[in-house]
Protein chains: 2
Amino acid sequence: MTSLAELQSKVGETLGTSEWIEIGQDRINTFADVTEDHQFIHLDAEAAAKTPFGGTIAHGFLTLSLMSKMSEDAMPVLDGIAMAVNYGSDKVRFIHPVPSGSRIRGHFKLLNVDVKNPKQILIKAEGTVEIENIEKPAMIVEMLTMQFLK
Amino acid sequence: MTSLAELQSKVGETLGTSEWIEIGQDRINTFADVTEDHQFIHLDAEAAAKTPFGGTIAHGFLTLSLMSKMSEDAMPVLDGIAMAVNYGSDKVRFIHPVPSGSRIRGHFKLLNVDVKNPKQILIKAEGTVEIENIEKPAMIVEMLTMQFLK
């Protein structure tokens, strides 16, 4: 647990790195069903092999949606937190596709801490998703999270 | 199917509205598992009822991830398209929570058509997600999609 003052002192700093998450084809298939996005590039190994990607790739939104878990792993938890709500993002860029079967993890840098009122703190962090054994990142995002204190 | 010239002539215009999508608790539960985000506000009806939300709500990232399906419903399809790849977003804001059991749909406005080369067209659209019987939108997003032509 981290005090607000401690968190504020870390603006501009790298906060941490998440655990690795495996992006297996099963996870991609389930994500396709739950979001109703069945484009062949995510599901059809034979057709995807004929594209520049060379095989099936994760949905960009799957990588992005894993940022909640990754930030939970890597970001300090504020003292007295009741819940954290996704407030939005200022910029998302998908840079390198995530091949089915690869592992990814997130690196986080604290950009801003905005005390809206004593019970609501809006945190802006830059997340960068690394793909194991690939130099380019999968994605960068500037995430906004509203932390509600008890 | 739409020609590039037709699409370019529609910059600044509203393009269409998707079908309704039901956000049942089963979909939210599956999304929680596939993204490893099990925060109580999405899953625990009893605990969520005690928050200002009054019950479980969808993950913001679930609403956002449904934009692929919704834009497929509502946006014109370019002549000769081979595949569409999520390029990123310039701004995402979650405005009103989506209660478990509600229905949502997307409205799309064309912001920009950028011809990167004869085979790659980057399309920017503003998506607004409506919740049935709720005045405020769930979310607004400026989406970037790279369309690859054959």
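Residues numbered from 1 in each chain as written. Chains lettered and ligands numbered in written order. Predicted model: local features only at pLDDT ≥ 70, side-chain atom pairs only at ≥ 80, totals over all residues. Heavy atoms only, no water.

1. Some remarks on the overall build of chain A
Helix and strand counts for chain A come out as 6 helices and 6 strands. Element order for chain A, N to C, with α for helix and β for strand: α-β-β-α-α-α-α-α-β-β-β-β. For chain A, the spread of C-alpha atoms along the principal axes amounts to about 55 × 30 × 25 Å. Here chain A displays about 6,800 Å² of accessible surface, and carbon together with sulfur accounts for 48% of that area. With 14 positive and 20 negative side-chain charges, chain A shows a separation of 6 Å between the mean positions of the two kinds. (Helix = DSSP H or I, 4+ residues; strand = E, 2+ residues; numbered from the N terminus. Areas by Shrake-Rupley, 256 points an atom, 1.4 Å probe, with all protein chains shown as cover. Lys, Arg positive; Asp, Glu negative; His and termini not counted. Charge placed at Lys NZ, Arg CZ, Asp CG, Glu CD.)

2. Regarding the UniProt feature "domain: MaoC-like" (unreviewed entry) in chain A
According to UniProt, the "domain: MaoC-like" (unreviewed entry) feature falls on residues 8-117 of chain A. Structurally, residues 8-117 of chain A is divided into 32% helix and 34% strand, and its ends, taken at the C-alpha atoms, are 15 Å apart. (UniProt positions renumbered as here; feature names shortened; annotations may be inferred.)

3. A few points about unusual backbone geometry
Even without glycine at this site, Glu36(A) takes up a positive phi of about 60 degrees. Looking at the secondary structure, you find Glu36(A) in the loop between α2 (25-35) and α3 (40-43). Of note in the backbone geometry, Asn133(B) takes a positive phi value of approximately 65 degrees without being a glycine. Inspection of the secondary structure assignment puts Asn133(B) in the loop between β5 (120-131) and β6 (139-149).

4. Structural notes on the pairing of β5(B)
Residues and elements named next belong to chain B. With 12 bridges connecting them, strand β4 (residues 102-117) and β5 associate as antiparallel partners. For His107, the partnering residue across the bridge sits in β5 and is Thr128. Joining the antiparallel neighbours β4 and β5 is a turn of 2 residues. Here 10 bridges tie β5 to β6, and the two strands are oriented antiparallel to one another. The residue of β6 that forms the bridge with Glu126 is Glu142. (Pairing = 2+ DSSP bridges.)

5. Observations concerning empty space enclosed by the protein
To find the voids left in a structure, one rolls a probe of water-molecule size over its atoms. Residues and elements named next belong to chain B. If you walk through the whole model with that rule in mind, you get 1 cavity of 30 Å³ or more. Put simply, the largest cavity is a space of about 30 Å³. Lining the largest cavity, in full, are Leu7, Leu15, Met75, Pro76, Leu110 and Ile123. In terms of residue class, the lining of the largest cavity is made up of 6 nonpolar, no polar and no charged. (1 Å grid on protein atoms, 1.4 Å probe; cavity = no way out; pocket = protein on both sides within 12 Å on 5 of 7 lines; lining within 4 Å. Points joined across faces, edges and corners; volume = space filled by probe spheres on them. Nonpolar A, V, L, I, M, F, W, Y, C, P; charged D, E, K, R; others polar.)

6. Regarding the environment of Asp79(A)
Residue and element names in this part refer to chain A. Tracing the backbone shows Asp79 in the loop between α6 (67-74) and β3 (81-94). Taking C-alpha positions, Asp79 is 24 Å from Ser89, a pair spaced 10 residues apart along the chain. Residues contacting Asp79, with those up to four places away along its chain left out, are Met1, Thr2, Ser3 and Leu149. (Contact = heavy atoms within 4.5 Å.)

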